[in-house]
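Breakdown of the fold
The chain contents come next:
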Amino acid sequence: MASVRYVAIGDSFTEGVGDELPDGTVRGWADLAAQGWADAAGEPIHYANLAIRGKLIEPIVEQQLEPALALKPTHLSFNGGGNDMLRPRADLERIVGIFEHVLRRCDEEGVQLIVLSGANPSAGLPLGRVLQTRGDRLSSAVEQRIAARTDVLTAYNWFDRDLAGGEFWSVDRLHMNARGHHRVAARVLKAVGFTAPGEWWHLREIPEVERLKGTAYYREHVGPWVRRRLAGTSSGDGRAAKFGGQWVELTPGG
């Protein structure tokens, strides 16, 4: 088995929504970082991604953490709470406590934890000031809680002002585009001790897409989200994890 066995858990941020390939599948920062890891290390790694879009932080941990640990990884990346912050009554203290639970379980299993904060989409969203305030509080609280754990690898993105700019975001304004996912992947590679290709920090060329404004934006992107909230459903309902939730082997240059 490969010496590095990396598993990612989370929501749409980790699944890769917004970084769609021509065939319609999503890639995202975790896929990019895993392949970049194999390339930089010059040896194969095993990679699994259990993330499912639309998940609140409790279902992420309840449904993904133990299956991820059962794969016997050497490294596990975790991010969550973005969908919780979109709800009217987000309990930030509870969210931070869940980060601590993930850290405790990784300690018990001898797994190296990589903690990420999500990127900041608030500038382009309705009620952006509310989301900005919640995100500032949550990201600061997580960073403070694990500051003493210098053995935990971190890839913090929320306070990256460049990444908050509109050129890093997809048409729905909530998920990063390929440029944003590459920048996060570069930060993850830095956290594990490697250097990403320099252009990953700010891709110059990505396909341009039409960005809706006004009522057209609300009809196309906000309306479906509101309807799911009213119906108690999620964009991740019925979706399975990438690669069947199992290891795939990534080889250098693959």
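The text that follows walks through the structure, step by step, so that each part is easy to find. All residue numbers here refer to positions counted from 1 along the written sequence of the relevant chain. In view of the model being predicted, local features appear only for residues whose pLDDT reaches at least 70, and side-chain atom pairs are presented and counted only at 80 or more, with totals across whole chains, interfaces and linings using the full set of residues. In computing side-chain values, all of the structure's heavy atoms are included and hydrogens and water are not.

**Considering the packing of aromatic side chains**
Each pair of aromatic rings taken from Phe, Tyr and Trp, with Trp reduced to its six-membered ring, is defined by centres within 6.5 Å and is described as stacked if the planes are under 30 degrees apart, edge-to-face if over 60, and tilted in the remaining cases. One pass over the structure, following the stated rule, counts five aromatic pairs. Pairing Phe13 with Trp29 gives two aromatic rings, centres 5.6 Å apart and planes at 45 degrees, and the pair type is tilted. Placement of the pair is Phe13 in helix α1 (residues 12–15) and Trp29 in helix α2 (residues 29–41), with a sequence separation of 16 residues. Side by side, Phe13 and Trp29 carry an identical accessibility label, which is buried. Secondary structure elements follow DSSP: runs of H or I no shorter than four residues count as helices, runs of E no shorter than two count as strands, and numbering proceeds from the N terminus. Think of it in three bands: with a 1.4 Å probe and only protein chains considered, a residue is buried below 20% of the maximum accessible area for its type, exposed above 50%, and partly exposed in between.

**Notes on helix α5 (residues 92–109)**
For an α-helix, 3.6 residues make a turn, and residues three or four places apart therefore share a direction. How far a helix is expected to stretch is found by multiplying one less than its residue total by 1.5 Å. Under the 1.5 Å per step criterion, the end-to-end length of α5 is 26 Å for 18 residues, consistent within 8% with the ideal 26 Å. Of all the residues in α5, the buried ones are Leu92, Ile95, Val96, Ile98, Phe99, Val102, Leu103, Arg105 and Cys106. Two or three places before Glu93, at the start of α5, stands the capping residue Asp91, its side-chain oxygen 3.3 Å from that residue's backbone nitrogen. Looking one or two residues beyond α5, the residue adopting positive phi is Gly110, at roughly 70 degrees. Whenever two N or O atoms come within 3.5 Å, that pair is a polar contact, provided that in protein one can donate a hydrogen and the other can accept it, and provided that, for residues adjacent in sequence, both atoms are side-chain atoms.

**A word on the side chain of His181**
Of note, His181 is situated in helix α7 (residues 178–191). For His181, the residues in contact, after removing those within four places along its chain, are Phe13, Gly16, Val17, Asp19, Gly28, Trp29, Leu32 and Met176. The criterion used for residue contact is that any of the two residues' heavy atoms lie within 4.5 Å.

**Here's the deal with the environment of Gly110**
Checked against the element boundaries, Gly110 lands in the loop between α5 and β4 (112–116). Relative accessible area serves as the criterion here: at 62%, Gly110 is assigned to the exposed category. Here the alpha-carbon distance between Gly110 and Ser122, two residues twelve residues apart in the chain, equals 36 Å.

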